[in-house]
Amino acid sequence: MSTPGPGVDTHEMVLIHRVLRREFGQLPRLFRTAAGDRARSKVIGAHAREMLTFLHTHHTGEDELLFPLLRERAALGQELMHRMDAQHAQVDDAVTAVDAELSAWTASADAAAGERMAARIDAMMPTLIEHLAEEEQEILPIASVTLTQSEWDALGKHGISAIPLTRRLVILGHITEETDDVERRRFMKVLPAPARVAYKLIGHRRFTRETREIRG
């Protein structure tokens, strides 16, 4: 194993966290306003499914590829890591509950089911927000000097592997939506040149069209 360098750039996870805060913060309203509208529930259901998978993949990547290395190498307090695990479990319970109702709701637009899913996400959000903030404040600075570049890259590859090829340009739009110019250039420069060109020519337009339809 190579030794950690002077510091791995972990800022891309901050961008991922912005997607989670923004999209899950909007889902309760989207579920509620689609009540009784099956055309709308199909649109929102597809988006919710993608975001549930995005969040689940993010957490499994941390559980499998990040937290074990930090426990092994860094002097992290047990209380902090126990809290990380407990927050993951709470969020994952909510994701599982929403997932169990999502397919039927997507087809039916049933108001009661939509309200149940919205309420579960509303209840989950304080834990998710606290978790993401604590990761950024406590975990990422340690990860940046504890992991090798290849180990950090493996976390990103894990996330990408769960996204179908046909959806990667749209997800790229979600990731870069709230970036400033410096962040955007910093993130885009690590992508293969064909991906950058494809996003410029196709992806951004597709992302804009989809999000306009989703958000109404």
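Residues numbered from 1 in each chain as written. Predicted model: local features only at pLDDT ≥ 70, side-chain atom pairs only at ≥ 80, totals over all residues. Heavy atoms only, no water.

## Comments concerning the overall build of the protein chain
Part 1 of the argument: For the protein chain, the count of helices and strands is 8 helices and 0 strands.
Part 2 of the argument: Listing the helices and strands of the protein chain from first to last along the sequence gives α-α-α-α-α-α-α-α.
Part 3 of the argument: Rg of the C-alpha trace for the protein chain: 18 Å, near the compact-globule value of 17 Å for 216 residues, within the 12% margin.
Part 4 of the argument: Seen along its three principal axes, the alpha-carbon backbone of the protein chain occupies a region of about 55 × 45 × 25 Å.
Part 5 of the argument: When the 216 residues of the protein chain are sorted by exposure, 45% land in the buried category.
Part 6 of the argument: Computed over 28 positive and 32 negative side-chain charges, the inter-centroid distance for the protein chain is 9 Å. (Helix = DSSP H or I, 4+ residues; strand = E, 2+ residues; numbered from the N terminus. Rg over C-alpha atoms; globule rule 2.2 N^0.38 Å. Buried < 20%, exposed > 50% of the residue type's maximum accessible area, 1.4 Å probe, protein only. Lys, Arg positive; Asp, Glu negative; His and termini not counted. Charge placed at Lys NZ, Arg CZ, Asp CG, Glu CD.)

## As for helix H8 (residues 193-215)
Part 1 of the argument: Compared with an ideal rise of 1.5 Å per residue, which puts 23 residues at 33 Å, H8 spans 30 Å between its outermost C-alpha atoms and is within 8% of the ideal.
Part 2 of the argument: If you look at H8, its biggest bend is around 55 degrees, right at Tyr199.
Part 3 of the argument: Listed in full, the buried residues belonging to H8 are Tyr199, Gly203, Phe207, Glu210, Thr211 and Ile214.
Part 4 of the argument: Buried-residue contacts for H8 involve helix H1 (11-33), helix H2 (38-73), helix H6 (168-176) and helix H7 (181-188).
Part 5 of the argument: Of the residues trailing H8, Gly216 is marked for its positive phi of about 70 degrees. (Expected span 1.5 Å × (residues − 1). Bend = angle between axes of the 7 residues up to and from the residue. Contact = heavy atoms within 4.5 Å.)

## What to know about the side chain of Glu210
Part 1 of the argument: Residue position: Glu210 is located in helix H8.
Part 2 of the argument: Within polar-contact distance, the side chain of Glu210 engages the side chain of Arg167 at 2.7 Å.
Part 3 of the argument: Those residues in contact with Glu210 that sit more than four places away from it in its chain are Arg167 and Val170. (Polar contact = N/O pair within 3.5 Å; in protein donor to acceptor, adjacent residues only side chain to side chain.)

## Description of a nonpolar patch on the surface
Part 1 of the argument: Taken together, Val197, Leu201 and Ile202 make up a surface patch of nonpolar side chains, about 260 Å² in accessible area.
Part 2 of the argument: In this fold, Leu201 is placed in helix H8. (Patch = residues over 30% accessible without salt bridge, like charges linked within 9 Å, V, L, I, M, F, W, Y side chains within 5 Å. Areas by Shrake-Rupley, 256 points an atom, 1.4 Å probe, with all protein chains shown as cover. Salt bridge = Lys/Arg side-chain N within 4 Å of Asp/Glu carboxyl O.)

## Observations regarding the environment of Ala35
Part 1 of the argument: By the secondary structure assignment, Ala35 is in the loop between H1 and H2.
Part 2 of the argument: Separated by 180 residues in sequence, Ala35 and Arg215 have C-alpha atoms that sit 15 Å apart.
Part 3 of the argument: Dropping the residues within four chain positions of it, Ala35 is found in contact with Ala109 and Ala111.

## With respect to the confidence of the model for the protein chain
Part 1 of the argument: Summarising the model, the protein chain shows a mean pLDDT of 95, and 97% of its residues fall at 70 or more.
Part 2 of the argument: Note on residues 1-5: pLDDT under 50 across the span, and 9 contacts to partners over four residues away in sequence or across chains. (pLDDT = per-residue confidence, 0-100.)

## Considering the packing of H1 against helix H4 (residues 111-146)
Part 1 of the argument: In the contact formed by H1 and H4, the axes pass within 9 Å of each other and the chain directions differ by 165 degrees. One element, H1, and the other, H4, form an angle in the roughly antiparallel class. In this structure, H1 meets H4 at a crossing whose hand is left-handed.
Part 2 of the argument: Residues that form the contact of H1 with H4 fall into these classes: 17 nonpolar, 3 polar and 6 charged. (Axes fitted to C-alpha atoms, helices over the stretch in contact; angles between N-to-C directions. Parallel < 35°, antiparallel > 145°, perpendicular 65-115°, else oblique. Left-handed = near helix turned anticlockwise from the far one by under 90°. Nonpolar A, V, L, I, M, F, W, Y, C, P; charged D, E, K, R; others polar.)

## Comments concerning the nonpolar core
Part 1 of the argument: Counting residues in each nonpolar core, the largest one holds 41 residues, and the members touching the most others are Phe24, Phe31, Trp105, Ile121, Met124 and Leu128.
Part 2 of the argument: Contributions of two or more residues to this core are made by H1, H2, helix H3 (78-108), H4, H6, H7 and H8.
Part 3 of the argument: Aside from chain neighbours lying at most four places away, what touches Phe31 is Ile44, Ala48, Val98, Leu102, Trp105, Gly114, Met117, Ala118 and Ile121.
Part 4 of the argument: Among the nonpolar cores identified, the runner-up in size contains 18 residues, and Phe67, Leu69, Leu80 and Met81 belong to it. (Core = buried A, V, L, I, M, F, W, Y, C linked by side-chain atoms within 4.5 Å.)

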